Amino acid sequence: MTTKKNRVPRAEAQEIILNAADELFYREGVHAVSVDAIVEQAGLNKMSVYRQFSSKTDLVLAYLERKQAAFRDEWETSMAKHPGEPRQQLLQFFRDLAAKASAEKFRGCCFLNVAVEFPDKNHPARQLVCAHQKELYEKFAEIVTALGAANPCELAYTLILLMEGTYADSQTYGTDSTAITLLPAIVEKLIDSASATSQP
């Protein structure tokens, strides 16, 4: 016997659906999760989902946009702890990243996870991931330039690789990986070395 799904206001329905998609996509992967599974998780009917999102691709893009907004908030939260101090801001970001990557339910970077699932570089989801990665580089480049690094481009990419390596390490070796614990100290040595080489 099926139960009738309650009708909810459009804005509320969209939030419920996104919450369900967020949880399932991140935990299980985009391709592994059907619209029916999202419907079941959300407690709504399928028509409610398609009234908010015309296709699964639209839902995936909305999921990624939400994750992008969450990352921006996380970045700004880290930066706000040490205003005007680029060295401390970077260290704080990686301390926060290490704490996040050590959480039991951490499943790595949602953007990298989606990129693996969508090898076609022309797919809208893959393009959104690429746009996010470009924005990520710009954020790092700006802060390491303020730091006075001799080669800000090189340092920015090195920090991104450390960040992405942390995501991978947490999934390969577990969220209690020693490498994650050592991350802030590794970053501190790296940025201090980069800053030292820029001094006359």
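Throughout, residues of each chain are indexed from 1 in the direction in which the sequence is written. Given that the model is predicted, a residue must reach a pLDDT of at least 70 before its local features are reported, and side-chain atom pairs must reach 80 or more before they are shown or counted; all residues, however, enter totals for whole chains, interfaces and linings. The basis for every side-chain value is the complete set of heavy atoms in the structure, and neither hydrogens nor water enter the calculation.

1. Description of the UniProt feature "domain: HTH tetR-type" (unreviewed entry) in the protein
The criterion, for reference: UniProt positions are given in the numbering used here, feature names are shortened, and annotations may be inferred rather than shown by experiment. Secondary structure follows DSSP: runs of H or I at least 4 residues long count as helices, runs of E at least 2 residues long count as strands, and numbering of each begins at the N terminus.
Under the feature "domain: HTH tetR-type" (unreviewed entry), the UniProt entry names residues 11–71. Span residues 11–71 is 80% helix and 0% strand, its end C-alpha atoms 23 Å apart.

2. Thoughts on the packing of aromatic side chains
For any pair of aromatic rings, geometry is given as the distance between the ring centres together with the angle between the planes. Put simply, the rule reads: Each Phe, Tyr or Trp ring, with Trp reduced to its six-membered ring, pairs with another whose centre is within 6.5 Å; inter-plane angles below 30 degrees give stacked pairs, above 60 give edge-to-face pairs, and intermediate values give tilted ones. A 1.4 Å probe rolled over the protein chains alone gives each residue an accessible area, and that area as a share of the maximum for its type sets the label: buried under 20%, exposed over 50%, partly exposed in between. Should the NZ of a Lys or the CZ of an Arg lie within 6 Å of a ring centre and within 35 degrees of the ring normal, that charge is described as sitting over the ring.
Taken as a whole and judged by the stated rule, the model has ten aromatic pairs. Seen in terms of ring centroids, Phe25 and Tyr63 are 5.3 Å apart; in terms of plane orientation they differ by 70°. Their pairing is edge-to-face. Here Phe25, found in helix H1 (residues 10–28), pairs with Tyr63, found in helix H4 (residues 56–80); they are 38 residues apart in sequence, far enough to count as distant. With relative accessibility at 2%, the residue Tyr63 sits in the buried group. Taken together, the ring pairs in this structure connect Phe71, Trp75, Phe93, Phe94 and Phe140 into an aromatic cluster. Positioned over the ring face of Tyr26 is Lys67, at 4.7 Å from the centre of the ring.

3. Quick word on the side chain of Gln89
Test applied: When checking whether two residues touch, look at their non-hydrogen atoms; a contact exists if any pair is within 4.5 Å.
With respect to the helices and strands, Gln89 occurs in helix H5 (residues 86–101). In this structure Gln89 comes out as buried when scored by relative accessible area, which is 11%. Residues within four places of Gln89 in sequence aside, it is in contact with Met79, His82, Pro83, Gly84 and Ile143.

4. A word on the pattern of salt bridges
Selection rule: What makes a salt bridge here is a side-chain nitrogen of Lys or Arg within 4 Å of a carboxyl oxygen of Asp or Glu, nothing more.
On inspection of all chains with the given rule, the structure shows twelve salt bridges. A salt bridge links Lys139 to Glu135; its shortest N-O distance comes to 4.0 Å. Note that Lys139 and Glu135 are positioned in helix H7 (residues 124–147) at a spacing of four residues, about one turn of the helix. Classification of Glu135 as buried rests on a relative accessible area of 18%. When salt bridges that share partners are traced, they join Glu15, Asp22, Arg66 and Lys67 into one network.

5. Comments concerning the layout of surface pockets
Selection criterion: Lining residues are defined by having an atom within 4 Å of a point belonging to a cavity or pocket. Those points lie on a 1 Å grid over the protein atoms alone, cavities being sets where a 1.4 Å probe fits but cannot get out and pockets being open sets with protein on both sides within 12 Å along at least five of seven lines. Grid points are joined across faces, edges and corners, and a volume is the space filled by probe spheres set on the points. Here the term charged refers only to Asp, Glu, Lys and Arg, the term nonpolar to Ala, Val, Leu, Ile, Met, Phe, Trp, Tyr, Cys and Pro, and the term polar to all other amino acids, Gly among them.
Computed from the structure, the largest pocket encloses a volume of approximately 290 Å³. Tyr26, Lys67, Lys100, Phe106 and Gly108 are, among the 19 residues lining the largest pocket, the residues nearest its centre. Here the lining of the largest pocket gets four residues from one element, more than from any other, and that element is H4. The residue makeup of the lining of the largest pocket, split by class, is eleven nonpolar, three polar and five charged.

6. Section: the domain arrangement of the protein
Often, the extent of an interface is quoted as the loss of accessible area on bringing the components together. We count it as follows: Here the bounds of each domain stem from an automatic or database domain assignment. What counts as buried area is the accessible surface, traced by a 1.4 Å probe, that two parts surrender upon association, with contributions from both included.
Split by domain assignment, the protein resolves into domain 1 (9–54) and domain 2 (64–196). The centre of domain 1, based on its C-alpha atoms, is set 28 Å off from the matching centre of domain 2. Area buried by domain 1 at its contact with domain 2 is led by Asp22, Tyr26 and His31, which between them contribute 65% of it. In this structure, the connection of domain 1 to domain 2 is made through three salt bridges. Measuring nitrogen to oxygen at the nearest pair gives 2.9 Å for the salt bridge that ties Arg66 to Glu15. Broken down by class, the residue content of the side of domain 1 that touches domain 2 amounts to three nonpolar, three polar and three charged.

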